[in-house]
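Inside the fold
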Amino acid sequence: MDAKLQQLLDQLKNLDYSNMYNNDFLHTWDKTTDELKAMYLVADALRNLRERNISTRIFQSGLAVSNFRDNSTRTRFSFASGSNLLGLQLQDLDESKSQVAHGETVRETATMISFMADVIGIRDDKYIREGDAYMKEVSESVAQSYADGILDHRPTLVSLQSDSDHPTQSSADILYLINELGGVENLKGKKVAVTWAYSPSYGKPLSCPQSLITLLPRFGMDVTLAHPEGYDLMPELVEKAGNYAAETGATFKQTHSMEEAFEGADIVVPKSWASFASMERRTKLYAEGDKAGIDALEKEQLAENANHMDWHCTTELMNKTAHGMDTIYMHPLPADIEGVSCEHGEVENAVFDAHRDGLYKEASYKPYAVAAMIFLQKVKDPVAKLAELEEAGTKRWNF
Amino acid sequence: MDAKLQQLLDQLKNLDYSNMYNNDFLHTWDKTTDELKAMYLVADALRNLRERNISTRIFQSGLAVSNFRDNSTRTRFSFASGSNLLGLQLQDLDESKSQVAHGETVRETATMISFMADVIGIRDDKYIREGDAYMKEVSESVAQSYADGILDHRPTLVSLQSDSDHPTQSSADILYLINELGGVENLKGKKVAVTWAYSPSYGKPLSCPQSLITLLPRFGMDVTLAHPEGYDLMPELVEKAGNYAAETGATFKQTHSMEEAFEGADIVVPKSWASFASMERRTKLYAEGDKAGIDALEKEQLAENANHMDWHCTTELMNKTAHGMDTIYMHPLPADIEGVSCEHGEVENAVFDAHRDGLYKEASYKPYAVAAMIFLQKVKDPVAKLAELEEAGTKRWNF
Amino acid sequence: MDAKLQQLLDQLKNLDYSNMYNNDFLHTWDKTTDELKAMYLVADALRNLRERNISTRIFQSGLAVSNFRDNSTRTRFSFASGSNLLGLQLQDLDESKSQVAHGETVRETATMISFMADVIGIRDDKYIREGDAYMKEVSESVAQSYADGILDHRPTLVSLQSDSDHPTQSSADILYLINELGGVENLKGKKVAVTWAYSPSYGKPLSCPQSLITLLPRFGMDVTLAHPEGYDLMPELVEKAGNYAAETGATFKQTHSMEEAFEGADIVVPKSWASFASMERRTKLYAEGDKAGIDALEKEQLAENANHMDWHCTTELMNKTAHGMDTIYMHPLPADIEGVSCEHGEVENAVFDAHRDGLYKEASYKPYAVAAMIFLQKVKDPVAKLAELEEAGTKRWNF
């Protein structure tokens, strides 16, 4: 067996993750740290096999159903890629082409698309509390239909971003860090700045920063969350971040100064988001169908954003970090790059450009994170199955 | 061999269905009763194999082309699922993205999409006479292109609903009944009420009730068709229903009383539809591009519908059936459920909710009906092939 | 081994095409004549295998990403078919559903969709110079990301039509001629009329005629290009056509008379296009966002078109060719057929109808051209691999 694969499987053997089989992946905080580690190891193992041109196809047929309630390129292709890697065919539930009736229950639609679906990926991040609620309802619906003997199996869910969490993104982020830093154990003690940054657009999801502050402290990383006053995240998730830090002996700090967060940081993640309060207002206005109110809110929030144009990632700020321009700069992309996609934005082009390769590598882990989540949901004995796939050595690409 | 599979194959051996190979499936009335029975047996056999995790992949590559001229969730996913189960990749002919020229012949488009298509699924149910005419033209076109040496094979067609018939739906319906009642022979003598029901929307297809009244009498079921005056179905199909009943010694009755139809029924199928006469008028108005005329017609028909709000499936009505609330209630879904999707509609929530599991099971047969239709079109010796697939025992899901 | 396949492989062995492995296919003029011949042989070999029901699947998983910036049926289905034939799953980069940010670099999007993409097919033919520039940028981007260690492989590109060339179309055209005339060596000395024809619509791409005049002379064909004054093609490609003719001893002539071009022709290809000058103006107007200017240009050009209604392919004109109605008439379809899709157009129905079978056969080669391009990009030793596939004899369709 390949030495690298052997090493990954050896680590995997020592973890307890049996509860992931036949289970959903909706939030990282639903999972134990062992389970998360197992997912990262499986992602690296699948990558190892694919890069050595070994097929990891575990399905002869079957559908991976996607339901994107918001536009997406990166996550859409990651889900398509990760499910294809395992042998599933993507089938999009495009609600605009569907006859999903007004008033039809979630339970009904969820069942109707699931007769031959092995996995369902959902992205629903636009409205506060709604994404999570929708995914929970879909999950319970298919579990119910399985229990009732309607489905011959329970399709498992993968969250492709909700209003609270973005687990495939934060998994790609941490996989990048694990591989850059030479192992999950090396995350401990690293200082990370998760900071707000100015964007000329409004309404970017809270789930990106939330997914990081609730995940990184679990691996002993010292996180500082920075944003202008008023740009709060969901309070229960900020609390969760603090609790996780306490458990691992890491620190979790909050500040209203971007500079303070950058001071001595090993990793910086400056990115725009809308404030929780405004997102809650927006959710209410949408529910009320108050189009004028929404427009007024957007105008007001863009004006508020404009008060914080100095929150952008500059070379000067990078110089305050632990390693200057060598400090890891992360972003889920696409970024608002000054002089490229906007005049004023999240990051100076000089900083972005110097970190381009790293950013693209960060993104490259997302299809493997998706594949690992599905693999762990669908394979009873992942160590044995990965070894079996290597042993079989079927070429993915018969070149 | 699995006992259940053995039993299905034993029955299959005694039927004559050799004419289905390389042939279309457009209407149930194009098929002999033996052919229909064969399709139900193959559907159950494919389900048996899939539920035992045995791959039924008979294609290494090949396309299943879908052409949905109307929105669809259930049938879209059924076609995607059924074709994927056999190894085909779905390719949608999305006419909005296509360069299908105004005036381009059906023959040309049909040929252009067929070079590597093994099967073509079409849904075209909106305009009277047009769906059937279009499918016939596509079928003749690909047959012609095959005869002319342009295509190296003839892609077969599956109707995913036309203006006259909805064979994948009625096949799912009858498969559900066969499995609930313990065999196709047990359908004989069962009393079925196929009735109109009130809907706050207008224009639901005639093909659903038509597909049932022309199918069930062939298996000896006693069908009563009920609707308010004016809500007639296509006369030649009503005549066909009567003829089929005469052949099997079953009864086929018509009435303008929902109550009368429910009286003593073993199975009820209350569902809204537009009247044949109004659908014909609508088809003409569309052809003439008379938008105002269409709007006026819709208004008029909704007003007419509103005169029949008492045509809804209530607990009280269910109590008049043979088995009260245990009587089988069927619907192709989504239904207009009172208090859920509308104020007044086809069915009371109490009735719908009590029959939810059955309704979802009914729907679960549709992907297998699609797969069985394709299987019989594409496999020369289905008994031998099904046995061969079980013998090979390739895992669909290598868990 | 099958005699026909043996013959194709024998020819393939004598060609030098090693540079096609891991390389793009953007224009025929990027390729040597040996490379083009190799592609035609591989297309015929793949067709031979498929028609004998032998699987040519060389991928267990992997994506073929398509990016259609213009509507398409024929080319869309050809790309879907050709990639499916090799085992790849189509994933469309539908820019309307994507979060491709304004200002996001091509490099970023290209990388994001490529982590598990084996091939990328692009159609971008609307604006002069832009299609080629875009494809070049995508190609360089993925090469860069591969060099930087971001991608573990370099996805190769296939042009599905740019502003300058339409290589999958011209490959289908020439494959049809090779098979009709009994071998690539029989193209030499055949007289081809590539002529403009009247269309009631405006803006048809230049890349169709350009792809023919730059390709056919390379195989010794005598090409006459005919169009009304003002309907020039890109000057550098007309020059290229002349140079290729000079190299092979063929003739390349230009005229403003359709009749003159048809005189004694063995093959005629009458088709409408917009003039290079007007397309350049349109490109500029789009860049300036000058909607009114574009509308004015279209009006002006339609009026100019109307001055040349006599440029249409009639029975009378066909009688001036070498073989009368037996002369090969080609068109990439859909054509503007008089009395079918328009009153006045490119071709009389009598001519079109007499050549329908040939036209459809011409189109049938496109999926194989696509598959051959991908095969040569992805297979190191095509002769050995094709022999290996035949030897394995896996049934594509296990009927």
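Fair warning: this is a prediction, and the values are worked out from it, not measured in the lab. (Residues numbered from 1 in each chain as written. Chains lettered and ligands numbered in written order. Predicted model: local features only at pLDDT ≥ 70, side-chain atom pairs only at ≥ 80, totals over all residues. Heavy atoms only, no water.)

Another aspect to go through is the pattern of salt bridges. Close approach of charged atoms allows side chains of opposite charge to pair. Residue and element names in this part refer to chain A. Counted by the stated rule, this structure contains 60 salt bridges over all chains. The shortest N-O distance in the salt bridge between Asp24 and Arg154 comes to 3.3 Å. Here Arg154 lies in the loop between α5 (130-147) and β4 (156-162) and Asp24 lies in the loop between α1 (3-13) and α2 (33-51), a separation of 130 residues in the sequence. Residue Asp24 shares its accessibility class with Arg154, and that shared class is buried. Where Arg47 meets Glu51, a salt bridge forms, and the shortest distance between an N and an O atom there is 2.9 Å. Placement of both Arg47 and Glu51 in helix α2 is noted, with a separation of four residues, approximately one turn of the helix. One network of salt bridges, with partners in common, ties together Asp2, Arg52 and Glu390. (Salt bridge = Lys/Arg side-chain N within 4 Å of Asp/Glu carboxyl O. Helix = DSSP H or I, 4+ residues; strand = E, 2+ residues; numbered from the N terminus. Buried < 20%, exposed > 50% of the residue type's maximum accessible area, 1.4 Å probe, protein only.)

So, on to the environment of Ser162(B). Residues and elements named next belong to chain B. Within the element layout of this structure, Ser162 appears in strand β4 (residues 156-162). For the pair Ser162 and Leu206, spaced 44 residues apart in sequence, the C-alpha to C-alpha distance is 9.3 Å. Once you skip the residues sitting within four places of it in the chain, Ser162 turns out to touch His27, Asp124, Asp125, Gly131, Asp132, Met135 and Ser207. There is a polar contact of 2.8 Å between the side chain of Ser162 and the side chain of Asp132. (Contact = heavy atoms within 4.5 Å. Polar contact = N/O pair within 3.5 Å; in protein donor to acceptor, adjacent residues only side chain to side chain.)

Once that is clear, we can look at the relation of the copies chain C and chain B. Least-squares fitting of chain C to chain B yields an RMSD of 0.0 Å, with the transformation described by 0.0 Å of translation along the axis and a rotation of 120°. In symmetry terms, the pair is related by a three-fold rotation axis. In terms of C-alpha distance to the rotation axis, chain C has Gln89(C) as its closest residue, with the C-alpha 4.5 Å off the axis. Residue by residue, only 7% of the interface of chain C is reproduced at the interface of chain B, so the copies engage with different surfaces. (Least-squares fit on C-alpha atoms with pLDDT ≥ 70 in both.)

How big an interface is tends to be stated in terms of accessible area lost as the parts join. With 41 residues of chain C at the contact, the number on the chain B side is 43 residues. Overall, the association of chain C and chain B removes approximately 3,800 Å² of surface from exposure, summing both partners, and the carbon and sulfur fraction of that is 51%. Counting across the chain C and chain B interface gives four salt bridges. Note that Asp118(B) and Arg396(C) form a salt bridge whose closest N and O atoms lie 2.9 Å from each other. Listed by contribution, the elements that provide at least two residues to the side of chain C that touches chain B are α2 (33-51), α3 (74-85), β2 (89-92), α14 (356-364) and α15 (366-378) of chain C. The greatest single-element share of the side of chain C that touches chain B, amounting to eight residues, is contributed by α3(C). Counted by class, the side of chain C that touches chain B contains 15 nonpolar, twelve polar and 14 charged residues. (Buried area = accessible area lost by both parts, 1.4 Å probe. Nonpolar A, V, L, I, M, F, W, Y, C, P; charged D, E, K, R; others polar.)

Next up on the list: the sheet that holds strand β1 (residues 63-68) of chain C. Strand order across the open sheet formed by four strands is β2-β1-β3-β4 (chain C), with parallel pairing between neighbours. Each edge of the open sheet carries a strand with a single partner, namely β2 and β4 (156-162) of chain C. Averaged over all pairs of adjacent strands, the angle between strand axes in this sheet comes to 20°, irrespective of strand direction. With six bridges joining them, β1(C) and strand β3 (residues 117-124) of chain C adopt parallel strand pairing. When the sheet's bridge partners are listed, Val65(C) is paired in β3(C) with Ile120(C). With respect to the sheet, helix α3 (residues 74-85) of chain A is in contact with β1 and β2 of chain C, its orientation differing from that of β2(C) by roughly 175°. (Pairing = 2+ DSSP bridges. Axes fitted to C-alpha atoms, helices over the stretch in contact; angles between N-to-C directions.)

So, on to unusual backbone geometry. Residues and elements named next belong to chain B. In this model, Leu333 is joined to Pro334 through a cis peptide bond whose omega is -5°. Locating Pro334 in the fold gives a position in the loop between β9 (328-329) and β10 (337-338). For Arg129, which is not glycine, the phi dihedral falls at a positive 75°. As for its placement among the helices and strands, Arg129 is situated in the loop between β3 (117-124) and α5 (130-147).

Each partner contributes to the interface: chain B provides 41 residues, whereas chain A provides 43 residues. Counting each side, the surface lost to burial between chain B and chain A is near 3,800 Å², with a carbon and sulfur contribution of 51%. When the buried surface of chain B facing chain A is broken down by residue, Phe77(B), Tyr360(B) and Trp397(B) rank first, second and third, together holding 19% of it. Run the count over chain B and chain A and you get four salt bridges. When residues of the side of chain B that touches chain A are traced back to their parent elements, those giving at least two are α2 (33-51), α3 (74-85), β2 (89-92), α14 (356-364) and α15 (366-378) of chain B. Counting residues per element, the side of chain B that touches chain A draws most heavily on α3(B), at eight residues. Class assignment for the residues of the side of chain B that touches chain A results in 15 nonpolar, twelve polar and 14 charged.

Turning our eyes to something else, we now look at the relation of the copies chain B and chain A. Superposing chain B onto chain A takes a rotation of 120° plus a shift of 0.0 Å along the axis, which leaves an RMSD of 0.0 Å. Interface residue correspondence from chain B to chain A reaches only 7%, placing this contact among heterologous pairings that use different surfaces.

This brings us to the state of the cysteines. All names here are of chain B. Scanning all chains against the criterion turns up zero disulfides over all chains. Note on Cys208: no disulfide assigned, nearest cysteine sulfur contributed by Cys313 at a separation of 16 Å. According to the relative accessible area criterion, Cys208 is buried, its value standing at 9%. Of all cysteine sulfurs, the one in Cys342 lies closest to Cys313, which takes part in no disulfide; the gap is 13 Å. (Disulfide = S-S within 2.5 Å.)

Moving on: α3(A). All names here are of chain A. With twelve residues, α3 should cover 16 Å at 1.5 Å per step; its first-to-last C-alpha distance of 16 Å lies within 8% of that length. Extensive coverage of α3 is indicated by the burial of twelve of its twelve residues. Among all positions of α3, only Arg74, Thr75, Arg76, Phe77, Ser78, Phe79, Ala80, Ser81, Gly82, Ser83, Asn84 and Leu85 are buried. (Expected span 1.5 Å × (residues − 1).)

Taking a probe equal in size to a water molecule and rolling it over the atoms shows the remaining empty space. Applying the stated criterion across every chain yields a total of 16 cavities of 30 Å³ or more. Lining the second largest cavity are 20 residues; nearest its centre among them are Arg57(A), Arg57(B), Gln89(B), Arg57(C) and Gln89(C). Residue composition of the lining of the second largest cavity, grouped by class: three nonpolar, 14 polar and three charged. (1 Å grid on protein atoms, 1.4 Å probe; cavity = no way out; pocket = protein on both sides within 12 Å on 5 of 7 lines; lining within 4 Å. Points joined across faces, edges and corners; volume = space filled by probe spheres on them.)

Residues and elements named next belong to chain C. Checked against the element boundaries, Thr56 lands in the loop between α2 and β1. We classify Thr56 as buried; its relative accessible area is 1%. There is a polar contact of 3.1 Å between the side chain of Thr56 and the backbone oxygen of Leu85. Contacts of Thr56, omitting those with residues within four sequence positions, involve Leu46, Leu49, Leu85, Leu86 and Leu389.

All names here are of chain C. Taken together, five strands build an open sheet; the order of strands is β7-β6-β5-β8-β9 and the sheet is parallel. Strands with a single pairing partner mark the edges of an open sheet, and in this sheet they are β7 (252-255) and β9 (328-329). As defined by bridge partners, strand β5 (residues 191-196) adjoins strand β8 (residues 267-271) across five bridges and the pair is classed as parallel. Its bridge partner lying in β8, Trp196 is registered against Lys271.

Now for helix α1 (residues 3-13) of chain C. Residue and element names in this part refer to chain C. Those residues of α1 not exposed but buried are Leu5, Leu8, Leu9 and Leu12. Relative to the axis of α1, the buried residues are bounded by an arc of 95° and lie together on one face. Looking at the packing, one finds that the buried side of α1 touches α2 and α16 (382-392). Structurally, the start of α1 carries an N-cap: the backbone nitrogen of Lys4 is 3.2 Å from a side-chain oxygen of Asp2. (Arc of directions from axis to C-beta.)

This part covers the domain arrangement of chain A. All names here are of chain A. In terms of domains, chain A is made up of domain 1 (3-165 + 366-392) and domain 2 (167-363). Measuring from the centre of the C-alpha atoms in domain 1 to the corresponding centre in domain 2 gives 26 Å. Counting the surface lost from both domain 1 and domain 2, the interface buries some 2,800 Å², and carbon and sulfur atoms represent 60% of this. Linking domain 1 to domain 2 there are one salt bridge. Between Arg129 and Glu236 there is a salt bridge, with its nearest N and O atoms 2.7 Å apart. Between the two partners, domain 1 and domain 2, sit twelve residue pairs in polar contact (both at pLDDT 80 or more). Elements that contribute at least two residues to the side of domain 1 that touches domain 2 include exactly α2, α3, β4 and α15 (366-378). Here the side of domain 1 that touches domain 2 takes seven residues from α2, the largest share from any one element. (Domains from an automatic or database assignment.)

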